[in-house]
Amino acid sequence: GAGVSQSPRYKVAKRGQDVALRCDPISGHVSLFWYQQALGQGPEFLTYFQNEAQLDKSGLPSDRFFAERPEGSVSTLKIQRTQQEDSAVYLCASGTAFNQPQHFGDGTRLSIL
Amino acid sequence: AQTVTQSQPEMSVQEAETVTLSCTYDTSESDYYLFWYKQPPSRQMILVIRQEAYKQQNATENRFSVNFQKAAKSFSLKISDSQLGDAAMYFCAYRTNFGNEKLTFGTGTRLTIIP
């Protein structure tokens, strides 16, 4: 496809379950970002990859959050032992090179019951 | 750390009229980028316009223009000839020009267009 693809679009999980969210960036995009957007708030940075290297994970809220991009394209954000405060929209964005704008996916809405 | 503030949670404008959305930011850097993103209910963030801090000329994209006041750290978005399709959440965002490309967003302004 032409844009950033995220799946699933909606995810409902019970507290304590593990979840995995997938991001397919635009083909050839080097940079990949994950953001967390709580209800009524702006997105907040979680982590950043350049190719397969995770250059910044300072925004990950706890060690329950883990992201990977093993082959420098598709990325997965994993949340272990989910808690209610993890409920949010998780946005993925990709970019071609520095100084180029990021392109966003439609996000995954995660609801923890 | 950089911060971005949007003091207008909600704004409304009559169709075909002009509206201005406000944004202020705080940074100690001199070289950076500022952005306005639009987020409709579909959730996808769509880039509206961007401004490079070292450029004095205000950016313009069709009906969208900015008023960039670097000394005042102000970056407002003007939408002219408002259309129903402009209804969305609008986010102001900051990005450094050094190293990490992460975006720092404000809390957003919900824009309603009145027919």
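Residues numbered from 1 in each chain as written. Chains lettered and ligands numbered in written order. Predicted model: local features only at pLDDT ≥ 70, side-chain atom pairs only at ≥ 80, totals over all residues. Heavy atoms only, no water.

Turning our attention to the overall build of chain B. The helix and strand tally for chain B stands at zero helices and 12 strands. Element order for chain B, N to C, with α for helix and β for strand: β-β-β-β-β-β-β-β-β-β-β-β. Its C-alpha atoms give chain B a radius of gyration of 14 Å, near enough to 13 Å, the size a compact globule of 115 residues would have. Per-residue burial for chain B yields a buried fraction of 50% across its 115 residues. A sequence separation of at least 24 residues applies to 54% of the contacts in chain B between residues at least 6 apart. By element, 46% of the accessible surface of chain B is carried by carbon and sulfur atoms, the whole surface being about 5,500 Å². On chain B, the mean spot of the 11 positive side-chain charges and the mean spot of the 11 negative ones are 4 Å from each other. (Helix = DSSP H or I, 4+ residues; strand = E, 2+ residues; numbered from the N terminus. Rg over C-alpha atoms; globule rule 2.2 N^0.38 Å. Buried < 20%, exposed > 50% of the residue type's maximum accessible area, 1.4 Å probe, protein only. Contact = heavy atoms within 4.5 Å. Areas by Shrake-Rupley, 256 points an atom, 1.4 Å probe, with all protein chains shown as cover. Lys, Arg positive; Asp, Glu negative; His and termini not counted. Charge placed at Lys NZ, Arg CZ, Asp CG, Glu CD.)

Take D106 of chain A: it is sitting in the loop between strand 10 (103–104) and strand 11 (108–112). Note: C-alpha distance between D106 of chain A and S5 of chain A (101 residues apart in sequence) is 7.2 Å. Once residues lying within four places of it in the same chain are set aside, the contact partners of D106 of chain A are Q6, R9 and L91 of chain A together with S42, R43 and Q44 of chain B.

On to the pattern of salt bridges, then. The final tally for this structure, using the stated rule, is seven salt bridges over all chains. K78 of chain A is the partner of E68 of chain A in a salt bridge, and the nearest nitrogen-oxygen pair spans 3.3 Å. Pair noted here: E68 of chain A is in strand 7 (residues 65–68) and K78 of chain A is in strand 8 (residues 75–79), with a separation of 10 residues, a long-range link. By relative accessible area, which is 33% here, K78 of chain A ends up partly exposed. The salt bridge partner of R63 of chain B is D86 of chain B, with a shortest N-O separation of 2.8 Å. You can see R63 of chain B sitting in the loop between strand 7 (60–61) and strand 8 (64–69) and its partner D86 of chain B sitting in the loop between strand 9 (74–79) and strand 10 (88–96), a full 23 residues away along the chain. Taken individually, R63 of chain B and D86 of chain B each receive the classification buried, so the pair is uniform in this respect. (Salt bridge = Lys/Arg side-chain N within 4 Å of Asp/Glu carboxyl O.)

The subject of this paragraph is unusual backbone geometry. Cis geometry is found at the peptide bond from S7 of chain A to P8 of chain A, where omega equals -10 degrees. Structurally, P8 of chain A can be placed in the loop between strand 1 (5–7) and strand 2 (10–13). Here the phi dihedral of D81 of chain B falls at roughly 50 degrees; this positive angle occurs in a residue that is not glycine. Mapped onto the secondary structure, D81 of chain B falls in the loop between strand 9 and strand 10. Given a relative accessible area of 40%, D81 of chain B falls into the partly exposed group.

All names here are of chain A. Its place among the elements puts L113 in the segment after strand 11. Its relative accessible area of 61% is what places L113 among the exposed residues. Along the sequence, L113 and N51 sit 62 residues apart, while their C-alpha atoms lie 34 Å from each other. Apart from residues lying up to four places away in sequence, L113 is in contact with V12, A13, K14, R15 and Q84.

It is worth spelling out the state of the cysteines at this point. Counted by the stated rule, this structure contains two disulfides over all chains. Two residues share a disulfide in this structure: C23 of chain A and C92 of chain A, whose sulfurs sit 1.9 Å from each other. Here C23 of chain A and C92 of chain A share a disulfide; its torsion about the S-S bond, -70 degrees, makes the bridge left-handed. Of this pair, C23 of chain A sits in strand 3 (residues 19–24) while C92 of chain A sits in strand 9 (residues 88–95), placing them 69 residues apart in sequence. For C23 of chain A, a relative accessible area of 0% translates into the label buried. Of the residues examined, C92 of chain A reaches a relative accessible area of 0% and is grouped as buried. Two residues, C23 of chain B and C92 of chain B, share a disulfide whose sulfurs are 2.0 Å apart. Across the S-S bond of C23 of chain B and C92 of chain B the torsion is about -70 degrees, and the bridge reads as left-handed. Of this pair, C23 of chain B sits in the loop between strand 3 (19–21) and strand 4 (24–26) while C92 of chain B sits in strand 10; the two residues are 69 residues apart in sequence, bridging distant segments of the chain. A relative accessible area of 0% places C92 of chain B in the buried class. (Disulfide = S-S within 2.5 Å.)

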